[in-house]
Each structure stands twice: as structure tokens, then as C-alpha cells.
Amino acid sequence: MTSTENTPAATPVKKQLTIKVFGVGGCGGNVVSHISRAGFADVQLIVLNTDSQALAQCPLPYKFNLGLGLNGGLGAGGDPERGRAAAEEDEARLRELCTGVDLVFICAGLGGGTGTGAGPVLARVAKACGALSLAFVTLPFECEGPKRMKQARLGLEEFKAAADGVICLPNQKVFKLIDENTSVIETFATTNDLLAQGVRGLWQLVTRPGFINLDFADLCAVVRNRHSESSFASAEATGPHRAKEVVEKLLANPLLDGGAALGEADALLVSLMGGSGLTMAEVSRVMEQINRHAENAHLIMGAAIEESLGDRLTVTLVASRQPVNPPAAPKAPEAEVPEPESTPRAGTGFDLLGAAIASKPVPRASALKSEASQAPAVLTEVAPDAALSAPMAVSRSWRSRKKAKVAHPELGLETVTTGPFQQSEPTRHNGVNLDVPTFVRRGLVMN
Amino acid sequence: MLNLFFPEKTTVIVGLEIGTTKVAAVVGEVTEAGGVNVTGIGQCPSRGVRKGEVVNADLAAEDVRNAIVEAEKSANVEIASVYLSVTGGHLTSLNTHGVFTATSDDHEISPPDVTEVLANAKVFSRPSENTVLHAIRQHFTLNGQAGITDPVGMLGGKLELDMHVVHGVTTRLQNPVRVVKGLNLEVEELVFSGLASSLALLDNEQKQMGVLVVDFGAGTTEYVVYADGVIKHTGILAVGGDHVTNDLSYGLRKVSPARAEQLKREHGAATIEGAAGQTLTLTSENGFDDRRVNLEHLRRIMVARLEETFQLIDDDIGEQGFHEQLRAGVCLCGGGARIRGIDQLAESVFGLPTTLGRANAVGGLRSATDDPELATAVGLVKYGAIRQKAQPQGGLVGKLRNLAGSLGIF
Ligand SMILES: Nc1nc2c(ncn2[C@@H]2O[C@H](COP(=O)(O)OP(=O)(O)OP(=O)(O)O)[C@@H](O)[C@H]2O)c(=O)[nH]1
Ligand SMILES: Nc1ncnc2c1ncn2[C@@H]1O[C@H](COP(=O)(O)OP(=O)(O)OP(=O)(O)O)[C@@H](O)[C@H]1O
Ligand SMILES: [Mg+2]
Ligand SMILES: [Mg+2]
């Protein structure tokens, strides 16, 4: 028989995911406000803060004042302990907010009290409610002083232990992206924009019906329970050589340490978006170049058409590396907190948010305590495949043969294609979605 | 002289594959001598199946009816029941082991002991939503002596049994059964399609020497490993010719799936040899030269997929340690066996001599036995013949069939 009737492809419909983006603390609130301006559909943006004044200034509808009983709406005063206590006071409320949610993004600036202390509590609650929790955090400028930095690093460890994944953006690195003379406010705006792009890139990756479509399950498969720290970067290019240029721009991005972050990455999420002119060949070309720089990484990619982009091609990339010793529980706080490498430029202890904080009573911090209860509340899931594969004797001679042969590359793009396989479950094999054309996964260029 | 009163007794057996591209019904008869002859074929393009599983029961029912009606006409019989093949990514296989220990070492093994060791081998962990499709006896071991086929009457204290089990998600196994029953047809038995295909292609010598059968279909690729005369391993990848077509339609820039399928069949091959620098000019429906396709790219895309699929199978059988046991090489069937150069590609990936399988185990209509796409349906007839031959004797084989559980009709 020869005829292959193709049933008309229905427009790809994705399971409606419930996604919430939380901004915790002053920085978090700013980032989320920025996201709201970027026009997200179907996402609930929620701002949490201990500081009622800051909340009042926030233009978003969903706000919640944490720890009113404890702090009286006066903020955490740069003390993560108070931030944590505030969140724990309202844990029941946080649980309500996270119930039934599939994906929780948490944006926070580390170094202060609220984001640093309350953020990890929220991440833990979100995970306990069954959501995939991803944190987007900033580290302070060097000039904010070693104390803030130390506080921030501790917070980062707690985030890593509590959330499925943490994407970390040091403000200092962003500084390098822009002109030295840029004001702090403008630098913040740039960072906020970058964080918003990161959230949007991931959001688009899991919700948008692309022609190479990424599934929420794919994201979970790579991120869940990894407790990893990630870098991310985003770039845009136009013109006939945009596929090449966009990758060059990405690699030049200081956030990726000149591409070094790719080489170290063991998992990589790539989200491509372009106007209707975006071709498979361009997708292949971008992926091929990225593949070359990320040889050890497990790749996830999604590509989507966004008419409004016109001639622009944007690529958002999240590179994550498995922690050497995955933080099952937070480490003893004093033990291994890396001091910031370089000495701050301005006077130590200078607080960038001085103006905002100075007006409040500032009980300078008691010693940080990190409790075992901060460990992730959800048991680690066993990969479903692991349970199925029956243990079998392995012939030695064959093993060596396999090595020599260099089977298909380990990297695999995890995507869900539209088209003929829509009605059936994706063919997964060792975490690779085989429905994605082999040549795309191997990064072969076709034109 | 023709004996009108005692004509040669024949049994009619029908094999039905509800495949991803076609539904095939093959009618065969078992002669008194035990041979199997194909006497009729019915086929219909399949519209309700993806990756080997029914996704649209109404369309599937219509296509099955058409195939059955055609088969009835072709063989001039009325079909009341079929042996039905099943496949799908939900199937899992494993080898299990059962042990029976007697009180003394000079115990004479009796049929109840065999029953017990069988029951023991059946104890393995599987998800509660799964049903056992096959529990195939491999061989017995008595007091450490392996390779025994029938231990009854032998002396020994410790009887062991190795078994190959295939199980799958109950609801997904029942989908095609429901389609067939909805047409007032009985399902004699459900058979893993890879097993059926292997029965069509292989003779006993190949099974003894060790052989790998690969059925490369449209939605799935099944594989079966035989060694020492028994099934050692089975597997299935929900990858097939549809993936090749989809890869092409992606990679050759907006080529429609129908066009990609046509390009695959007409210009496809499992090698890039001789394709360098060549272009194909496609003509649109209204006869204009439409656009050009780079033949080398077409081939590269195909080779990437085919090589990967073989490699995944090779990895699996290698991991199970069967690689050195396949002295009769590899045997290919399914529509994928029609791809030019597929045997050479298989040879290079598996490192084993590869042949394109013909249904050697069966006689009758050549159009059925020589068609790689009909291996499954033809093999089902062979399977039915083996079963029905074993049936009157009851005994071990008769009991084994009950392991098929609620899905078996008997
Ligand atoms: N990128 C960026 N970073 C910010 C922004 N605001 C603050 N930060 C950084 O985030 C850190 C924490 O500041 P906040 O978020 O204001 O602190 P908080 O979490 O609200 O804690 P308290 O004010 O102590 O309750 C600071 O040290 C800055 O480095 C912002 O808008 N953008
Ligand atoms: N000459 C050819 N070249 C390449 N591919 C071919 C050729 N002839 C058939 N095929 C492919 O073989 C496949 C059909 O094979 P087959 O009939 O064995 O599948 P099926 O039994 O319907 O599917 P399945 O067993 O996976 O459910 C189709 O994908 C078809 O494109
Ligand atoms: Mg088939
Ligand atoms: Mg098949």
C-alpha cells in the first residue's frame, strides 16, 4: 500500500499549566513588575514582601505582606533570619498560594533580609505542594560589602537545597555588560530585564506551541530535584547571518563567562524564537554551534514562531551544572562560604539600598542559623526507567566494543514534535525524545 | 481418488495485524502433515493507529472490517476468529527464573512439580496495571544441568526454569481487542507482533544458531533474539518509518509529509553513496517545477535515523550480553526492509551478516510470504498452527497459554 493519508494536524494544544511567578523582597518585586510590563499571558504574578511601604508602591494586584505579626510591616532590615521567620509565620498562606500550581518561579535579590530568608521557605513550600520550583536570584554588587555577599551566598545555598533549580545572576557581572558610568538604578533595570527574559524564556519553552515544542515534563525531567545552580543568557540578532551572530553574541556574554559556562554545563535549556521566517535550517545551525560548546550537556530545546519578532531571532539559554556534592540539606553555614574574591571598591558596608533601609530601624543581624528543616520536603523521585530495567549480566567484551564505537552522541534534545506523533505519547529512550529528528539532535546542518 | 467422505482435514487460521500504515489479515490453513499454507490476504490502509496502537477506534474498526472482508473473498472462507498481534511502547520484557526444591535428591520429577516451578517463575514484580502477554518457557535446569526441555520422569532435587515474559499495560492491550470484538470477531489470542514476525521468518536452525529479527514498521520497530532454540530477549522501540518521513519533512524545508513519504520510497536509501552533489527537482501538482531537494541531505537525514534505531537495538542486545550468540546474524522484515541498502547498514551497525527475511516457515501464496510487510500477519497464522497443534495434548503448553491471563479467549 502506498497512500499515506495524513489526518489534518490539529493545532498543537498543550495541557494548560498553572504557572505562578513570585517576587520576594524589594528586588523580587521589581523584577516581577518588570515581567508584568513584558506582557505575559496566563501567568499569575505575586509579590511578597515584609515591607508594607514597598508593597504599596508596587503596581501589581496580587500582593501579600509577610510576617505582619512579627515585623509590623517594617521589612526584615537586612536580616535573613527575620525574613525566614516572617515566611514561616505565613506558611499556611504560602501553601494556599502554591496548591495546584505546576510551575513556580521565585525571583529574589539575595543579600537582604526578605528575599534571602523568605525565598527559600517559599521554594520549599512550593515543592512540597508538588510544583516544580525554579528560583531566579541576584547576588549583590561587590561594593555592597562582604557581609551582604556572605549573607547572599548562604541564601543561595539554601535556595539550592530547597528549589529544583536556581538561576543566579550576579549584579556585578551585569555591570560588565554595560557602561561603567551607568547609574545603579539603570544597572538594576538591566538585571531586572535579564531576569525577566530568563523567566519568559522558560515560560515560553513550556507553554508556547512551537514547531519544536518543549514539554513541561521535559523540563521536569532535567530540572527536578537537581538543586543545581545555573547561568543564563539571552541574545538577539537580525539579518541573513542571524543564526551565526546570535550564537556569537551569546558566547560573548559575560554571564556565560565567555562560553566557559557551556563547557561546564551538564544540562542546557535552549529556547529559540523567531518570526515566521524562522527555518529548521537556522534552528539546526544554532543548535549545532551550541552543541559544539556544550559537549557534556544534556540538551533541552524548544523553538517557536512569534510573528511579532519579524526578522529578529532570539535565543535564551540556561546552563546548569550539577553541584559536586548535591546539597541534600544545607551545609553548616560557617564551613564553606566563599568570600567574594575581590575587595569592594567603595567603603565596606555601603548599602546600595541605603536610602530605603536607613529610614527603618535596622537591628543589625544576629548570627545566621541554618536549620536542617530547610531540607527539601519532598522525597527524591526515582527515575521511572530505573525501576523497569531488569538487572542483567553484561558481557565485558561488548562493553569495550561499545566504547570504541562511539555510539550516537550522549546529548539529546528533549523536545516534543508536533505532526504525526501528536496523538501518541512521545517516544522516550533514556531521557531522549526520539520523536525529534535524529539529525536535529545530532546537530547536522541541512539547508 | 478423491475421498468425499473423509477429505483431508484442514484447520483455517487467520492472522490479523492492525498496523500503523496498513491493516493486514492473512488466512492460512494447516494441513494434516502440519504444514502451514497461506490461502488468502486482505489489506487496507490504516488510519486509526499511531506508533502501533489504536488511537481512533472507529477508523480502526472500519479498516479492519475492510481487510477482513477482502481476506474472506480472497480465501473464500468466512472468518469468525483471529489471532491478533499487539505492539506498543508500553510493552516490557524480562527473563524470569523459577525454582522448585524437592525433599531428596533422588526425587522423580512429576507434572505437579513442573506446575510449581512454573508458578514460581511467574512471580516477578510488575506494575499492577500490567497484564502478562507471554510467558514463554525457555528451558529447565535439573540439579545444575541446564538445557533440559522436559524434566518429567527425571531424577533430581532442584528443578529450575527460565522463562521469557512480555507484559504490557492492560488497557492498552485491550484497545485493539475491543475493536475486533466490536466487529463480532473473536480474538483467539493476543501475540506480540515481533514474536509473530520471527515465527514467519525463522527456521529451527537459525533459532538454534542464534539470530536477531528486526521488524521495522511504520510506527514501531520490534526485535526478537533467539539463541539455543529459544527466545532469549524481545524489545520494541516506538520508532519506525513514520519517523523517517517526519525527519525528512522537517529537514527538507517544508516538504509536506505526503511528499516526504514519496521521496523516501522513491529516492531514499540507507546510504549516502552516490548522492553527493545531486539534486531532485520536485514538480508541483499543476506540473510546474516546484523546488529542488538536495539528495545528499535527504539521504543523510535517513541514514541518521536508521543508524540510530539500529544502534539503540544493538546497545540493548549488547547490554543483555547476547551479542556473541547471534551466529545466524540478523534478519530484517517490515516495510523498512524495503529501504535500499538497509541490509548493509544493519551489517555495519550490528557487525553481523544481515538478510532480508522471507516467510520461509510458511507456504502458499507467494505474494504473502515474500512481502516483508506481511511478516507479522503471516507469522500469526504460524503461531496459531503451533498453538492448535499443542492444544489437544494439554499438558505444559496448554497450561502456559493460560498465563496469557484474562486476555486469552480460552
Ligand atoms: N537586579 C536587581 N537587584 C536588586 C534590586 N533591588 C535590590 N537588589 C539587590 O538585591 C539585594 C537585596 O535587596 P532587597 O531585595 O531590597 O532586599 P529584601 O529581600 O527586600 O530584604 P529587606 O529589605 O531586608 O527586607 C540587594 O543587596 C541588591 O544587590 C533590583 O531592583 N534589581
Ligand atoms: N520502499 C520503501 N522505502 C522506504 N520505506 C518504505 C518502503 N516501503 C515501505 N516503507 C515504509 O514501511 C513502513 C510500513 O511498514 P509496515 O507495513 O511493516 O508497517 P506497519 O505494520 O503498518 O506498522 P507497525 O508495525 O509499526 O504498526 C512505512 O513507514 C513505509 O513508509
Ligand atoms: Mg507491523
Ligand atoms: Mg512494527
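Residues numbered from 1 in each chain as written. Chains lettered and ligands numbered in written order. Predicted model: local features only at pLDDT ≥ 70, side-chain atom pairs only at ≥ 80, totals over all residues. Heavy atoms only, no water.

(A) Focus on the coordination of the magnesium ion (ligand 4). All names here are of chain B. Looking at the magnesium ion (ligand 4), one finds its protein donor set to be Thr220 (OG1) and Glu222 (OE), positioned 2.6 to 2.7 Å from the metal centre. Between the magnesium ion (ligand 4) and the magnesium ion (ligand 3), a separation of 3.4 Å is found. For the pair Thr220 and Glu222, one class covers both residues: buried. (Donors = N, O, S within 2.8 Å, 3.2 Å for Na, K, Ca; no water. Buried < 20%, exposed > 50% of the residue type's maximum accessible area, 1.4 Å probe, protein only.)

(B) Spatial organisation of the site of ligand 1. All names here are of chain A. In the region of ligand 1, 23 residues are neighbours, and Gly78, Thr114, Gly115, Glu144 and Arg148 sit closest. Gly26 places a polar main-chain atom, nitrogen or oxygen, 2.7 Å from an oxygen atom of ligand 1. Arg148 is positioned with one of its side-chain polar atoms (N or O) 2.5 Å from an oxygen atom of ligand 1. Residue assignment for the shell around ligand 1 shows that the elements contributing at least two residues are α1 (25-37), α6 (114-128) and α9 (184-207). It is α1 that provides the largest number of residues to the shell around ligand 1, a total of 4 residues. A class-by-class count of the residues in the shell around ligand 1 yields 6 nonpolar, 15 polar and 2 charged. (Near = heavy atom within 4 Å. Polar contact = N/O pair within 3.5 Å; in protein donor to acceptor, adjacent residues only side chain to side chain. Helix = DSSP H or I, 4+ residues; strand = E, 2+ residues; numbered from the N terminus. Nonpolar A, V, L, I, M, F, W, Y, C, P; charged D, E, K, R; others polar.)

(C) Structural view of the site of ligand 2. All names here are of chain B. Residues in contact with ligand 2 amount to 21 residues; listed here are only the nearest, Thr20, Thr21, Lys22, Glu261 and Lys264. Between ligand 2 and Thr20 there is a distance of 2.6 Å, counted from an oxygen atom to a side-chain nitrogen or oxygen. One of the backbone nitrogen or oxygen atoms of Thr220 is found 2.9 Å away from an oxygen atom of ligand 2. Calculation on ligand 2 without its partners gives an accessible area of 650 Å², and the protein chains cover 95% of this total. Element by element, the count of residues in the shell around ligand 2 is highest for helix α7 (residues 257-267), at 3 residues. (Areas by Shrake-Rupley, 256 points an atom, 1.4 Å probe, with all protein chains shown as cover.)

(D) Spotlight on unusual backbone geometry. Residues and elements named next belong to chain B. With phi around 45°, Asn143 is a residue other than glycine that occupies positive phi space. The class of Asn143 is partly exposed, set by a relative accessible area of 39%. The phi torsion at Asp228 lies on the positive side, around 50°, for a residue other than glycine. Along the chain, Asp228 turns up in the loop between β13 (221-227) and β14 (230-237).

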